[in-house]
Amino acid sequence: MEIYYQGADITGMVQVRKCIARDTSGGRCDSLEIEFDNAAGWYNWGPEEDDQIIVSHNGYDTGIMYLNTVLPEDGHFRILATALPCAARKKQYRSFTGKTIEEIMRACGMASGMDFAIFGIDGQAVIPYIQQENESAAALLYRLLKFEGAALKCVNGRYTAIGISYAQTRPAYQTIEIGAKQAGTEYRRGGATYKSVTVKTPFAKATAEDLLVASTHQQITINLPARNDIQAGRWARGVLMHHNRQAETLTIESEFNPGFSSMTRIDIVGGTDATGDWIIEEAEHDFYNRKSRAKLYRCIYTIQ
């Protein structure tokens, strides 16, 4: 394990008691929790909010994390860092009219001191109107991208939009075999699914449908600020995708696995109910104990 603090390799200068990185795309930003011995030595360094920390281990890299909280505890020194700097957590009111997704992401990035990137959705799609309602830039982007059928990742000083359909059709990074009643795995199925979602406003109306779901399942109508039928259709598909993909989950605990990263495709084999295509929703890496844990959602390809 290597630890870099403000660009300096401090691995040989510290004694680590705990180091856990959390990598997610589910509405929370990536985070890092480290606990050191010798708290007095750390105070001499004068740690400050937004100091940059990176941890790498056996092919896995947390990317830039920003110091958020310092907690001295009984001679130990515990720090919490997140993928968002302080500026990105500021809440405000503002609106965007006739702006593209790219323009909105660029504006949010500038307000947060971050860059941005877009994969798998149309960054030039125009959003007629959306309001930031006393929320952070990250919260606004998460909400917008959920409507657009995409996930938001905050990593390495960058807001990244990743289309879920795009991520699902990427080649699998790993193939994992799971047998019946295999230790360290938990498969769950049975979450409520919608048959369809209709977005209806005074200006537009469109319906998205999951072809795999029986017509007896719930069909909902929601009011979102869509200004035309094209936008209403995109948002109906996005909301339906976001909801139905949570119906099946798989949790895997294993020895340290650097391939566990949110929005990464995984194939499961072994002939159980979990066999098939999955995508990682969140991952946790315990560098000190050399353990990893991933929560996955099954890929769904049947939303129109």
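Residues numbered from 1 in each chain as written. Predicted model: local features only at pLDDT ≥ 70, side-chain atom pairs only at ≥ 80, totals over all residues. Heavy atoms only, no water.

## Comments concerning the pattern of salt bridges
A side chain of one charge can pair with a side chain of the opposite charge if their charged atoms are brought near each other.
Link 1 in the chain: Evaluation of the coordinates by the stated rule reveals 18 salt bridges.
Link 2 in the chain: Between Arg298 and Glu248 there is a salt bridge, with its nearest N and O atoms 2.9 Å apart. Taken together, the residues span a long stretch of sequence, with Arg298 in strand β22 (residues 291–298) and Glu248 in strand β19 (residues 248–255) at a distance of 50 residues. Glu248 carries the same exposure label as Arg298, and that label is buried.
Link 3 in the chain: Two residues, Lys291 and Glu255, come together in a salt bridge whose shortest N-O distance is 2.7 Å. Of this pair, Lys291 sits in strand β22 while Glu255 sits in strand β19, and the two are 36 residues apart along the sequence.
Link 4 in the chain: With a relative accessible area of 51%, Glu255 lands in the exposed category.
Link 5 in the chain: One salt-bridge network, in which partners are shared between bridges, spans Lys18, Arg22, Glu33, Arg78 and Glu284. (Salt bridge = Lys/Arg side-chain N within 4 Å of Asp/Glu carboxyl O. Helix = DSSP H or I, 4+ residues; strand = E, 2+ residues; numbered from the N terminus. Buried < 20%, exposed > 50% of the residue type's maximum accessible area, 1.4 Å probe, protein only.)

## Some thoughts on the packing of aromatic side chains
Link 1 in the chain: Within the structure shown, the criterion is met by 4 aromatic pairs.
Link 2 in the chain: Pairing Tyr187 with Trp278 gives two aromatic rings, centres 6.2 Å apart and planes at 85°, and the pair type is edge-to-face. Of this pair, Tyr187 sits in strand β15 (residues 185–189) while Trp278 sits in strand β21 (residues 276–286), and the two are 91 residues apart along the sequence.
Link 3 in the chain: Ring centres of Phe256 and Phe287 lie 5.9 Å apart, and the angle between their planes is 50°; this geometry places the pair in the tilted category. Note that Phe256 is positioned in the loop between β19 and β20 (265–269) and Phe287 in the loop between β21 and β22, a separation of 31 residues in sequence. (Phe/Tyr/Trp six-rings, centres within 6.5 Å; stacked < 30°, edge-to-face > 60°.)

## Structural notes on the environment of Glu284
Link 1 in the chain: On the secondary structure map, Glu284 appears in strand β21.
Link 2 in the chain: Judged by relative accessible area, which is 28%, Glu284 ranks as partly exposed.
Link 3 in the chain: Taking the C-alpha atoms as reference points, Glu284 and Ser261, 23 residues apart in sequence, are found 8.5 Å from one another.
Link 4 in the chain: With residues up to four places along the chain from it excluded, the contact list for Glu284 reads Ile20, Ala21, Arg22, Lys291, Ser292 and Arg293.
Link 5 in the chain: Polar contacts involving the side chain of Glu284 include one to the side chain of Arg22, which spans 3.2 Å. (Contact = heavy atoms within 4.5 Å. Polar contact = N/O pair within 3.5 Å; in protein donor to acceptor, adjacent residues only side chain to side chain.)

## A few points about helix α5 (residues 229–244)
Link 1 in the chain: In a regular helix each residue adds 1.5 Å, so 16 residues correspond to 22 Å; α5 covers 22 Å between its end C-alpha atoms and thus fits that length.
Link 2 in the chain: Looking only at α5, the buried set comprises Gln231, Ala232, Gly233, Arg234, Trp235, Ala236, Gly238, Val239, Leu240, Met241 and Asn244.
Link 3 in the chain: Close packing links the buried residues of α5 with β11 (126–135), α3 (137–147), α4 (164–168), β16 (194–200), β17 (205–209) and β18 (218–222).
Link 4 in the chain: Capping of α5 at its N-terminal end is provided by Asn228; its side-chain oxygen lies 3.2 Å from the backbone amide nitrogen of Ile230. (Expected span 1.5 Å × (residues − 1).)

## What to know about the pairing of β16
Link 1 in the chain: Burial analysis of β16 places 6 of its 7 residues in the buried class, the great majority of the element.
Link 2 in the chain: Where β16 meets β18, 5 bridges bridge the pair, whose relative direction is parallel. The partner of Val197 across the bridge, within β18, is Ile220.
Link 3 in the chain: As paired elements, β16 and β17 share 5 bridges and run antiparallel to each other. When the bridges of β17 are listed, Val199 appears paired with Ala206.
Link 4 in the chain: From the end of β16 to the start of β17, which pair antiparallel, there are 4 residues. (Pairing = 2+ DSSP bridges.)

## Regarding unusual backbone geometry
Link 1 in the chain: If you check the backbone angles, Gln6 has positive phi at about 55° while not being a glycine.
Link 2 in the chain: Checked against the element boundaries, Gln6 lands in the loop between β1 (2–5) and β2 (8–9).
Link 3 in the chain: Positive phi values are uncommon outside glycine, yet Lys181 reaches one of about 55°.
Link 4 in the chain: Mapped onto the secondary structure, Lys181 falls in the loop between β14 (174–177) and β15.

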